[in-house]
Every structure is written in C-alpha cells, then in structure tokens.
Amino acid sequence: MCDILYFLEVKKMLKYLLIIIATVASEPCPYTYGNQRYERIAVLTIKGLPTNLVVNPNTRDLFFTLIDIDSLHNDDEQTKMDQYVLRNGMPIKIDNVNGQAAAVDAKNNKVYIASDDGLNVLNQTDRANFVSMKDEDIVLLFKPQHNDELYAVLYPENEVYTINLKKNEKNKIEDVPCAFILAVDAQDNIYYECNTKYVKVLLKDFHEPIEFVGISKNSARAMAVDNNNRVILAANDGLYLLRPDNLVPKKLMNLDFVPSGIAFDEDDIFLATNSVIYKYSADECE
Ligand SMILES: *[C@@H]1O[C@H](CO)[C@@H](O)[C@H](O)[C@H]1NC(C)=O
C-alpha cells in the first residue's frame, strides 16, 4: 500500500519535471526587439556571406548579394559576388549580370540591380536588363519609397549619387564624402558610414553631417528602414534605432553574431551572417 502511494507520488513528480524541461527547451520567443518578443528560423543556409538584403513587399522576394569569403580574404583577387533572390525558400541566382546590390521601387514594382557596368532592372523572368550608367561600378543602392530618386554608391571612391528615374539625371551628393552603408528616411535625411569609421546623418537641407555617439568605431555593418520609417542600424553587438533628432541611438536588440545584412518585411526582420539568413517573427509571440 505504502509502496504504491510512493510510486504514484514519484510518477506525479516526474510528470511535472518533464513538463518543466519541455517548457525550458522550447522557450517560445526568446529574442527581444524593442518591447516585442520574437522567435527566429533560418530561412537559408548557403556557403558565403549574404549582404545587401532587401525585400520586395509586393512579392515577398528577398534579394541579397552573396560574397565569396575566400576571395574576400585574398588581397590579390577581386572580391567575387553574385546576386540572388530567395523565393519560396529557394535561392535563385541572377546570372546574366555581375550583380552587386539590389533596390526595390515598391510603388512601381521594379527591382533594380547594381552591377560593375551600370544599372539594370529585372524583368518578369528574373533577367537583368540594362537601363543606365554604363561603365559605372555601382556597389550599393538604396531606394526610398516616397519619391523617384534612387541612391547609388560608385566604386572606387564610394561617392553617393542620386539618380532621378523619371528624368534619368544623376547628381552627386557633395556633403556625404563616401558611403559603405547607406539609408535614407522619408524626410530625405541620409544615414551613412564612410571608411569604417562612425555612423553619421546628413539632415535634409544641412551641409555638415552629424555623428551618432555610443556606437563602437568600425562596428556598423548594415542599415535598413522599417515599415514605420525608422532607420535601423545592424552593428556588431546588436540593432540600434537611429533618429534624426537624437544623437544617442537606442539599442533595440542584442545580437550574438556579427550581422552582414538587414531587411524588414512588415513586422518580420531578416538578418544575415556568415552562411545563413535568419527571419525573426513575432507572429506567434505575445
Ligand atoms: C527578360 O530579359 C531577357 C534578357 O534581356 C530576355 O531574353 C527575355 O526575353 C526577357 N523576358 C521577358 C518576359 O521580357
């Protein structure tokens, strides 16, 4: 009699123990971004370093440039990279161009591909077709969604130009000396990092860029604008909100890996690092 009671007691305890273990093992939504909890999945694992992430909100396509890491570390060789689109979980290489970055004009449903020989646009069959800037080595693109301008960064000086897509005009932004990372908000403030130094913002109608404080030198990796027109910096130790009216960025998320790219798709966040692209989603979180 006594033995049976003891057995039942142990069984009950074991049951509770198993419930506790199961809860800890699958702790839901362990990542925090601002005040919101997120969970994450790897949407792609691939050999190389994915950078220049951007989503086409009309199709959910995720564009990225894949850098060959061996060529990146070899000084004698030009860095090798390829332009990809991740669609329905499948990476598709855009192989009729030396793609280096993509930008999406959501309003006109156009995808621009920067190459070492000018600007291209993708057609329905994912082939690049030349549009302008022949002989220019375009290494970075940014498309604000509120106007007809496209921002382009040109190798080798990494100077920043705006391209007016309607008028087909190109204008140099004199007050930004160079950019390796670039984003522009809906008020036309330009956020950038030049020569692996500090992150700055050139406010619209101003001439002297302002430096953000508190972010370690040479730690900025990528920028993107989210759906609320907030500029988010991905740095070595986490994600920061960059505001035009506050020189101290607000840290929104800690990261335990070095990010190489960031993009937003509504409330989802895509973050890339060596050989992987993660998607952070709050859909199933409180
Ligand atoms: C897309 O572009 C490629 C390369 O220029 C061309 O061969 C193809 O016919 C185009 N497809 C469509 C649907 O326009």
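Here, every reference points to the structure presented above.
Residues numbered from 1 in each chain as written. Predicted model: local features only at pLDDT ≥ 70, side-chain atom pairs only at ≥ 80, totals over all residues. Heavy atoms only, no water.

(A) Structural view of the site of the ligand. Around the ligand sit Asn-123, Thr-125, Arg-127 and Asn-129, and that is every residue in its neighbourhood. Taking Asn-123, its side chain carries an N or O atom lying 2.3 Å from an oxygen atom of the ligand. In the environment of the ligand, an oxygen atom lies 2.9 Å from a nitrogen or oxygen atom belonging to the side chain of Asn-129. In isolation the ligand has 360 Å² of accessible area, and contact with the protein removes 44% of it. Its residues assigned to classes, the shell around the ligand comprises no nonpolar, three polar and one charged. (Near = heavy atom within 4 Å. Polar contact = N/O pair within 3.5 Å; in protein donor to acceptor, adjacent residues only side chain to side chain. Areas by Shrake-Rupley, 256 points an atom, 1.4 Å probe, with all protein chains shown as cover. Nonpolar A, V, L, I, M, F, W, Y, C, P; charged D, E, K, R; others polar.)

(B) The arrangement of the packing of aromatic side chains in detail. Counted according to the given criterion, the structure contains six aromatic pairs. Each ring, one from Tyr-31 and one from Tyr-280, has its centre 5.3 Å from the other, and the planes form 80°; the classification is edge-to-face. Taken together, the positions of Tyr-31 in strand β1 (residues 31-33) and Tyr-280 in strand β25 (residues 276-281) put the pair 249 residues apart, joining distant regions of the chain. Among the residues examined, Tyr-280 registers a relative accessible area of 1% and is labelled buried. A ring pair is formed by Tyr-191 and Phe-212, whose centres lie 6.3 Å apart and whose planes are at 10°; its orientation type is stacked. With Tyr-191 in strand β16 (residues 190-193) and Phe-212 in the loop between β18 (210-211) and β19 (220-225), this residue pair connects regions lying 21 residues apart in the sequence. For Tyr-191, a relative accessible area of 0% translates into the label buried. With relative accessibility at 3%, the residue Phe-212 sits in the buried group. (Phe/Tyr/Trp six-rings, centres within 6.5 Å; stacked < 30°, edge-to-face > 60°. Helix = DSSP H or I, 4+ residues; strand = E, 2+ residues; numbered from the N terminus. Buried < 20%, exposed > 50% of the residue type's maximum accessible area, 1.4 Å probe, protein only.)

(C) Representation of the pairing of strand β8 (residues 110-115) in the model. Among the six residues that make up β8, five are buried, leaving the element largely enclosed by the rest of the structure. Between the antiparallel neighbours strand β7 (residues 99-105) and β8 lie four residues, among them Asn-109 with a positive phi of about 50°. Pairing of β8 with strand β9 (residues 118-122), which is carried by four bridges, proceeds in the antiparallel orientation. For Tyr-112, the partnering residue across the bridge sits in β9 and is Val-121. From the end of β8 to the start of β9, which pair antiparallel, there are two residues. (Pairing = 2+ DSSP bridges.)

(D) Expanded view of the pattern of salt bridges. A full pass over the atoms with the stated rule returns 17 salt bridges. Where Arg-230 meets Asp-226, a salt bridge forms, and the shortest distance between an N and an O atom there is 3.1 Å. Asp-226 gets classed as buried once you look at its relative accessible area, which sits at 8%. The partner of Asp-237 in a salt bridge is Lys-251, and the shortest N-O contact between them spans 3.2 Å. (Salt bridge = Lys/Arg side-chain N within 4 Å of Asp/Glu carboxyl O.)

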